[in-house]
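# Summary of structural features
Okay, here's what each chain looks like letter by letter:
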Amino acid sequence: MISSAVIMSALELGCIYALVALALFLSFRVLNIADMTTDGAFTLGCAVSATLAVAGHPVLALPAAMLAGACAGFVTSGLQTKLGIPSILAGIITNTGLYTVNLAVMGFSSNVNMMKAKTIFAMLQPGLGGAYKLLPVALITLTAAVLLVVFLKTRLGLSIRATGDNPDMVRASSINTGFTITVGLCLSNALTALSGAVLAQYQKTADINLGTGMVIIGLASLIIGETLMPKGKLWSKALGAVLGSVLYRFIIAIALRLDLPSECLKLISAVIVALAIGLPAIKSALKPATKGGNAKC
Amino acid sequence: MLKIHNISKTFNPGTVNEKKALSNLNLELAKGDFVTILGSNGAGKSTLFNAIAGSFVVDGGSIVLDGQNITNLPDYKRSKFIGRLFQDPLKGTAPNMTIEENLALAYMRASRGTSPFSMVSSRDRKEFREKLAMLDLGLEDRMNHPVGLLSGGQRQALTLLMATLVTPKLLLLDEHTAALDPATAEKVLALTKKIVAENAITCLMITHNIPSALALGNRTIMMKDGSIVMELAGEKRAAMTTEDLLRAFHAQGVENDRILFSAEMK
């Protein structure tokens, strides 16, 4: 009942959205910040990519989108570290502002039609044949995942990880948490925007609402990945984010095959995320009360 | 080495909760001084440490460390040359990172000029191993284990190593053995003594244990209501017994069950 075309597109979309899962791995898991900028940054990536592709620069569109995403992350981190706005609120504020920015990038129109625009996929099609979509997106995502893992092992990466793990300790080891949070959020939003940028060229359209609910979709993928992969190592966590994202797309594809209306997808995502994050609490509630139930040391 | 001149700090000024935590406090430390600090709860001992470490900016006065005025320096910049241990052993280490990664973080204080994108080198790793072996806890064979798996005592010993990995100009020990069991506390205290002596680190240590306040270091001060009410050094300190000091406590009106208890335990 599932054709190879469906599998192909699930793989392709999974790889594209995996960048959001990786971004949230960095902000939500590593830095311990629920970054609500994600939705807006995704749309920003779409908008920048679509506009530049229409202008004839599909390749330049990707780094440009990443830069735009990093700027969005910079604003959120500034609100948080310089003005002392709580992290969730800081993200929501940036996200709200981005709505106008995104419309402006698309020339104050709610969508960009890219039917006649040249995309990176169109450029690669003659050389790659049937895999002209899957190969480049898989390459981009895996490169991003490898670079992210390597980065997190560098001195700067260690400081960012420690910031999310124990801020008290970080300040006592001469690291400026304001700086590490800024770098982390710039990087994660650059990844999110890259995801949006690739998606816009993939589906040849950009829309102001593309990013809505993206943070939940990304979290769902991340959490699915975490349940699949062994805990501990960084690379296994990053790989889990990618796998989780692909699996999430398969779940969606199956749901659509079962004639579930596509309007239900966001509700399903929300339920998956709520259940997955709440799982430890649900487990301990179902278990008979044992002494010292809190296993965290 | 450290010159604290007339510092004051009032929390919640102008409210019913107003609390004068430090009042015109003066303290001067020579290089290599090891000062133990006694005082009841709320005497301002930890507030003094917070002022030195830069957790807040003092209302008045100045703090000069090794010729540099650090009164208005942010905390993360001061921690380049001030090492600090807290009572809570969980505060000093990142639980989800490995022992090696924690040490690498502590080592960054020394690595000015190295690229932020550089990684832990095999030379660093070898040095970490050697230093860990000195703790005699077998941690050198567990460098890739997350710190969260260690016991409180092991974590505190590791924190001590991290705080002194790059020899600090000043080491602040805030009852760093109080949360450990007696045997482990003894061990961490012995380690502290060894590391401080070997590197001639200028050190301030808060304790509620009179015997160890007298046994460790070369000076003892007693705090009350945000200022220093008694100072012991030299012969006067050497001749002081636990009972004498306890009497001195009463004379100063410093009442503290924990201090009494620790004295009686002896």
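Thresholds applied
Residues numbered from 1 in each chain as written. Chains lettered and ligands numbered in written order. Predicted model: local features only at pLDDT ≥ 70, side-chain atom pairs only at ≥ 80, totals over all residues. Heavy atoms only, no water. Helix = DSSP H or I, 4+ residues; strand = E, 2+ residues; numbered from the N terminus. Rg over C-alpha atoms; globule rule 2.2 N^0.38 Å. Buried < 20%, exposed > 50% of the residue type's maximum accessible area, 1.4 Å probe, protein only. Contact = heavy atoms within 4.5 Å. Areas by Shrake-Rupley, 256 points an atom, 1.4 Å probe, with all protein chains shown as cover. Lys, Arg positive; Asp, Glu negative; His and termini not counted. Charge placed at Lys NZ, Arg CZ, Asp CG, Glu CD. Core = buried A, V, L, I, M, F, W, Y, C linked by side-chain atoms within 4.5 Å. Pairing = 2+ DSSP bridges. Axes fitted to C-alpha atoms, helices over the stretch in contact; angles between N-to-C directions. Arc of directions from axis to C-beta. Patch = residues over 30% accessible without salt bridge, like charges linked within 9 Å, V, L, I, M, F, W, Y side chains within 5 Å. Salt bridge = Lys/Arg side-chain N within 4 Å of Asp/Glu carboxyl O. pLDDT = per-residue confidence, 0-100. Buried area = accessible area lost by both parts, 1.4 Å probe. Polar contact = N/O pair within 3.5 Å; in protein donor to acceptor, adjacent residues only side chain to side chain. Nonpolar A, V, L, I, M, F, W, Y, C, P; charged D, E, K, R; others polar. Left-handed = near helix turned anticlockwise from the far one by under 90°.

## With respect to the overall build of chain A
The secondary structure content of chain A amounts to 12 helices and two strands. Mapped from its N terminus to its C terminus, chain A presents α and β elements in the order α-α-α-α-β-α-α-α-α-α-β-α-α-α. In terms of overall size, chain A behaves like a compact globule, its C-alpha atoms giving a radius of gyration of 19 Å where 297 residues would be expected to give roughly 19 Å. Principal axes of the C-alpha set define a box for chain A whose edges measure 65 × 50 × 35 Å. Here chain A, with 297 residues, has 51% of them falling under the buried criterion. Long-range contacts, defined as pairs at least 24 residues apart, comprise 78% of the intrachain contacts of chain A with a sequence gap of at least 6. Just so you have it, chain A exposes about 13,400 Å², and 70% of that area is on carbon and sulfur atoms. When the 20 basic and 9 acidic side-chain charges of chain A are each reduced to a single mean position, those positions are 9 Å apart.

## Remarks on the nonpolar core
The biggest cluster of nonpolar side chains holds 77 residues, and the ones touching the most others in it are Leu-22, Phe-42, Leu-152 and Ile-160 of chain A. Per-element accounting of this core gives the leading share, 14 residues, to helix 1 (residues 4-30) of chain A. Sequence-distant contacts of Ile-160 of chain A, defined by excluding residues within four places in its chain, comprise Leu-26, Val-30, Leu-31, Phe-151, Thr-180, Val-183 and Gly-184 of chain A. The next biggest cluster of nonpolar side chains, apart from the first, holds 42 residues, and it includes Ala-162 of chain A together with Ile-99, Leu-105 and Met-162 of chain B.

## Regarding the sheet that holds strand 5 (residues 68-69) of chain B
All names here are of chain B. Taken in spatial order, the four strands line up as 2-1-4-5 in an open sheet, and their pairing is antiparallel. Each having just a single partner strand, strand 2 (19-29) and strand 5 make up the two edges of the open sheet. As judged from the two bridges shared by strand 4 (residues 60-65) and strand 5, these two strands associate in the antiparallel manner. Looking at strand 5, one finds that Leu-65 is bridged to Gln-68. Taken strand by strand, helix 1 (residues 45-53) contacts strand 1 (2-11), strand 2 and strand 4, and its axis lies near 115° from that of strand 1.

## Here's the deal with the sheet that holds strand 7 (residues 170-174) of chain B
Residues and elements named next belong to chain B. Taken in spatial order, the six strands make up an open sheet running 6-7-8-3-9-10, and their pairing is mixed. Only two strands of the sheet have a single neighbouring strand rather than two, namely strand 6 (82-85) and strand 10 (227-233). Going from strand to strand, the sheet's axes swing by 20° on average, the running direction of each strand aside. As judged from the five bridges shared by strand 3 (residues 34-39) and strand 9 (residues 219-224), these two strands associate in the parallel manner. Opposite Leu-38, over in strand 9, you have Met-222 as the bridge partner. Contacts from helix 1 reach strand 3, strand 6, strand 7, strand 8 (202-206) and strand 9 within the one sheet, and its direction differs from that of strand 7 by about 150°.

## Quick word on helix 9 (residues 242-252) of chain B
Residues and elements named next belong to chain B. Turning to helix 9, its buried residues are Thr-242, Leu-245, Leu-246, Ala-248 and Phe-249. Around the axis of helix 9, the buried residues are gathered within 155° of arc, so they sit on the same side. Exposed residues on helix 9 whose side chains face more than 90 degrees from its buried face are Arg-247 and Ala-251.

## Things to note about unusual backbone geometry
Residues and elements named next belong to chain B. Phi is positive for Asn-6, close to 55°, though the residue is something other than glycine. As for its position among the elements, Asn-6 is in strand 1. Phi is positive for Asn-12, which is not a glycine, with a value near 50°. In this structure Asn-12 comes out as partly exposed when scored by relative accessible area, which is 42%.

## Comments concerning the environment of Arg-161 of chain A
Within the secondary structure, Arg-161 of chain A sits in helix 7 (residues 155-165). With a relative accessible area of 10%, Arg-161 of chain A lands in the buried category. Along the chain, Arg-161 of chain A and Asn-32 of chain A lie 129 residues apart, while their C-alpha atoms are 9.1 Å from each other. Apart from residues lying up to four places away in sequence, Arg-161 of chain A is in contact with Val-30, Leu-152 and Leu-234 of chain A together with Met-97 and Glu-101 of chain B.

## Examining a nonpolar patch on the surface
Residue and element names in this part refer to chain A. Among the surface-exposed residues, Leu-142, Leu-228, Trp-235, Leu-239, Leu-243, Leu-247 and Ile-251 lie close enough to one another that they form a single nonpolar patch of about 620 Å² accessible area. Of all the elements, helix 11 (residues 234-257) adds the most residues to the nonpolar patch, at five residues. Take Trp-235: it is sitting in helix 11.

## Here we look at the confidence of the model for chain A
Residues and elements named next belong to chain A. Counting all residues, the mean pLDDT for chain A is 90, and 96% of those residues have values of 70 or more. Mean pLDDT values for the elements of chain A range from 81 in helix 12 (residues 265-286) up to 97 in helix 3 (residues 58-81). Counting contacts from residues 291-297, a segment whose pLDDT is below 50, to residues more than four positions away or on other chains yields one contact.

## A closer look at the interface of chain B and chain A
Accessible area lost upon the coming together of the parts serves often as the stated size of an interface. With 28 residues of chain B at the contact, the number on the chain A side is 21 residues. A buried area of about 2,400 Å², summed over both sides, lies between chain B and chain A, and 60% of it is on carbon and sulfur atoms. The tally of links from chain B across to chain A stands at two salt bridges. Across the pair Arg-155 of chain A and Asp-124 of chain B runs a salt bridge, and its minimum N-O distance is 3.4 Å. Our count for the chain B to chain A interface comes out at 10 residue pairs in polar contact (both at pLDDT 80 or more). Secondary-structure elements contributing two or more residues to the side of chain B that touches chain A are helix 2 (75-78) and helix 3 (99-107) of chain B. Sorting elements by how many residues they give to the side of chain B that touches chain A places helix 3 of chain B first, with four residues. The residue inventory of the side of chain B that touches chain A, partitioned by class, reads 12 nonpolar, 10 polar and six charged.

## Here's the deal with the packing of helix 3 of chain A against helix 9 (residues 177-203) of chain A
Residue and element names in this part refer to chain A. It is the contact of helix 3 with helix 9, at a shortest axis distance of 6 Å, that shows an interaxial angle of 145°. When you trace helix 3 past helix 9, the crossing you get is right-handed. Within the contact of helix 3 with helix 9, the residues separate by chemical class into 15 nonpolar, 10 polar and no charged.

## Remarks on the pattern of salt bridges
Residue and element names in this part refer to chain B. A full pass over the atoms with the stated rule returns 11 salt bridges over all chains. For Asp-66, the salt bridge is made with Lys-169, and the minimal N-O distance between the two is 3.4 Å. Of this pair, Asp-66 sits in the loop between strand 4 and strand 5 while Lys-169 sits in the loop between helix 5 (152-165) and strand 7; the two residues are 103 residues apart in sequence, bridging distant segments of the chain. Exposure remark for Lys-169: the relative accessible area of 29% places this residue in the partly exposed category. Arg-129 is the partner of Asp-141 in a salt bridge, and the nearest nitrogen-oxygen pair spans 3.2 Å.

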